[in-house]
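In case you want the letters, here they are:
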Amino acid sequence: MIWNKAESAPREEIEATQLERLRETASRVYAISPFYKQKFDELGILPQDIKSIDDIAKLPFTKKQDLRDHYPFGLFCVPMSEVVRIHSSSGTTGKPTVVGYNAHDMEVWNEVMARVYTMAGVTAKDVVHNGYGYGLFTGGLGFHYGAEKVGATIVPASGGFTDRQLMLMRDFGATVLACTPSFALHLAEVAAKAGSEFRKDYKLKVGIFGAEPTSKGLKEAVAKSWDIRYQEVYGLSEIIGPGVSSSCEYSDRLHIFEDHFLAEIIDPKTGEVLPEGQRGELVITTLTKQALPIIRYRTGDITSIIKEPCKCGRTHARMESIVGRADDMLIVNGVNVYPSQVEHVIANSEGVTLNYQIIASKKGHLDKLEIMVEVSDDVMRDNIGELENIKKRIQDDLLNNLYINAAVKLVEPSTIERSMGKAVRVIDKRKEA
Ligand code: DLL
């Protein structure tokens, strides 16, 4: 089943729509946003210079830092009275990335999420258990309203509380599970320990998973343990939230909703556009967003795109499941965090030095973050109470500012290995697993 016929339009029609919308978007940002006007002017390009889709390569890139520099609403292109929703992702103290939507943008978001659900075979008869976090994170509410749009019953469970989630899934007869892949596996493990008979106790038939890098092995384990079809969804707050692309029943590549998002693959080092099929950094331009239109957003995500038609009948190009990131952003249980943000917290903490190391590993199926920090020489190291206070303060700051639950381990001065070249700040043991 296909939600909207735009998803199976002939390629020429898709590309004609993209060109028209790209020109409109470029004209709007040039006229309204001083940030984009300046960027276009610096490159000597005008919106009317866009004659074909390939001319997009002449436009400037937008980076996460640009959103931070214009915190909170500096890149919005509609008056605040028109903005109906704000979301944001974690950031250093006081500087998260903020995104906004007007009523039209909400319709676009619900539309693309309805497509995702339809790809998963979800209809009004289904019960969707939504374990994505509700709040500033786009996962919870993005999945919520998309489910309402297809008429399914949504259970807004949000994250955490494993036992209660399992009880709700069982008692309410959830047929669809939406959450991060690592949480899905954790739920399965706890259910198995409690002696559940999956087919008898649960009615799940499909799971819609995304928001974090996931190995093929983990995907297979989730599908197998719950005995469900694994559908993958990709997205990011800066573009819309979940619902930029999704896999269908025939392919584990993800159809990009090309009538709303124009995707390119570039060489992350040179910025050069790469040919179809080649791996590089995904860059996305929004084609229909009004409150926060974005030109050539550098997602940092590494993938490839092919345009070849798919057996499902959709003609939208397909991206490969994300293979990695071009920058050092870590994703810990779905929360994005840059090592520099952790460093910022440590730099503002008393009693410790900037000799630290971030260790990411797996505990069961969930991510675990440990931060080793050397105490300063002047800290009384036999004063257990003082050490506990320092540790607790850093942990609280990390939770309050970056939304991450990390275990801080204070170590003696000079114990963290010094590097001759670049400091090794992050040890990601999850990659070895
Ligand atoms: O994670 C939106 C989302 C919510 C997607 C629920 C899917 C499901 P952000 O918090 O802004 O938005 O994080 C965006 O998460 O740049 C990727 O690095 C990563 N990411 C998202 N989906 C996937 C995926 C949401 N399917 C960042 N595979 C993106 C790998 C993903 N990484």
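See the structure above.
Residues numbered from 1 in each chain as written. Predicted model: local features only at pLDDT ≥ 70, side-chain atom pairs only at ≥ 80, totals over all residues. Heavy atoms only, no water.

Here we look at the side chain of Gln-165
Point 1. Looking at where Gln-165 falls in the secondary structure, it is placed in helix H6 (residues 162–171).
Point 2. Accessibility expressed as a relative area gives 2% for Gln-165, which makes it buried.
Point 3. Only 2.6 Å separates the side chain of Gln-165 from the backbone oxygen of Ser-158, close enough to count as a polar contact.
Point 4. Gln-165 has contacts with His-129, Gly-131, Ala-157, Ser-158, Gly-159, Gly-160, Phe-183 and Leu-187, leaving out every residue within four places of it along the chain. (Helix = DSSP H or I, 4+ residues; strand = E, 2+ residues; numbered from the N terminus. Buried < 20%, exposed > 50% of the residue type's maximum accessible area, 1.4 Å probe, protein only. Polar contact = N/O pair within 3.5 Å; in protein donor to acceptor, adjacent residues only side chain to side chain. Contact = heavy atoms within 4.5 Å.)

So, the sheet that holds strand S11 (residues 280–286)
Point 1. Across the sheet, which stays open at both edges, the four strands sit in the order S10-S11-S12-S15 with antiparallel pairing between neighbours. Every other strand in the sheet has two partners, leaving strand S10 (261–266) and strand S15 (324–325) as the edge strands with one partner each. (Pairing = 2+ DSSP bridges.)

Things to note about the sheet that holds strand S19 (residues 366–375)
Point 1. Strands sit in the order S20-S19-S18-S21 across an open sheet of four strands; the sheet is mixed. One side of each edge strand has no neighbouring strand; the edge strands of this open sheet are strand S20 (406–411) and strand S21 (426–428). The sheet shows a mean angle of 20° between the axes of neighbouring strands, taken without regard to direction.
Point 2. Both strand S18 (residues 352–363) and S21 contribute to a ladder of three bridges, which runs parallel. By the bridge assignment for S21, Ile-358 is matched with Val-426. (Axes fitted to C-alpha atoms, helices over the stretch in contact; angles between N-to-C directions.)

Regarding the pairing of S19
Point 1. Where burial is concerned, most of S19 is hidden: seven out of the ten residues are buried.
Point 2. The sheet contact formed by S18 and S19 spans nine bridges and is antiparallel. Bridge assignment links Ala-360 to a residue of S19, and that residue is Leu-369.
Point 3. Linking S18 to S19, which pair antiparallel, is a turn of two residues; within it Gly-364 sits at a positive phi near 65°.
Point 4. Taken together, the six bridges between S19 and S20 define a ladder with parallel strand orientation. Pairing of Glu-374 across the sheet is with Val-411, part of S20.
Point 5. As a crossover connection, the stretch from S19 through helix H11 (residues 384–402) into S20 is right-handed. (Right-handed = clockwise from strand over helix to strand, strands pointing away.)

Focus: the site of the ligand
Point 1. Lining the immediate surroundings of the ligand are 23 residues, of which Glu-232, Val-233, Ser-237, Asp-301 and Asn-336 lie closest.
Point 2. A distance of 2.8 Å separates a nitrogen atom of the ligand from a polar atom in the backbone of Val-233.
Point 3. Protein chains shield 97% of the accessible area of the ligand, which is 610 Å² for the free molecule.
Point 4. Among the elements that take part in the shell around the ligand, strand S7 (residues 229–236) stands out by supplying five residues, more than any other. (Near = heavy atom within 4 Å. Areas by Shrake-Rupley, 256 points an atom, 1.4 Å probe, with all protein chains shown as cover.)

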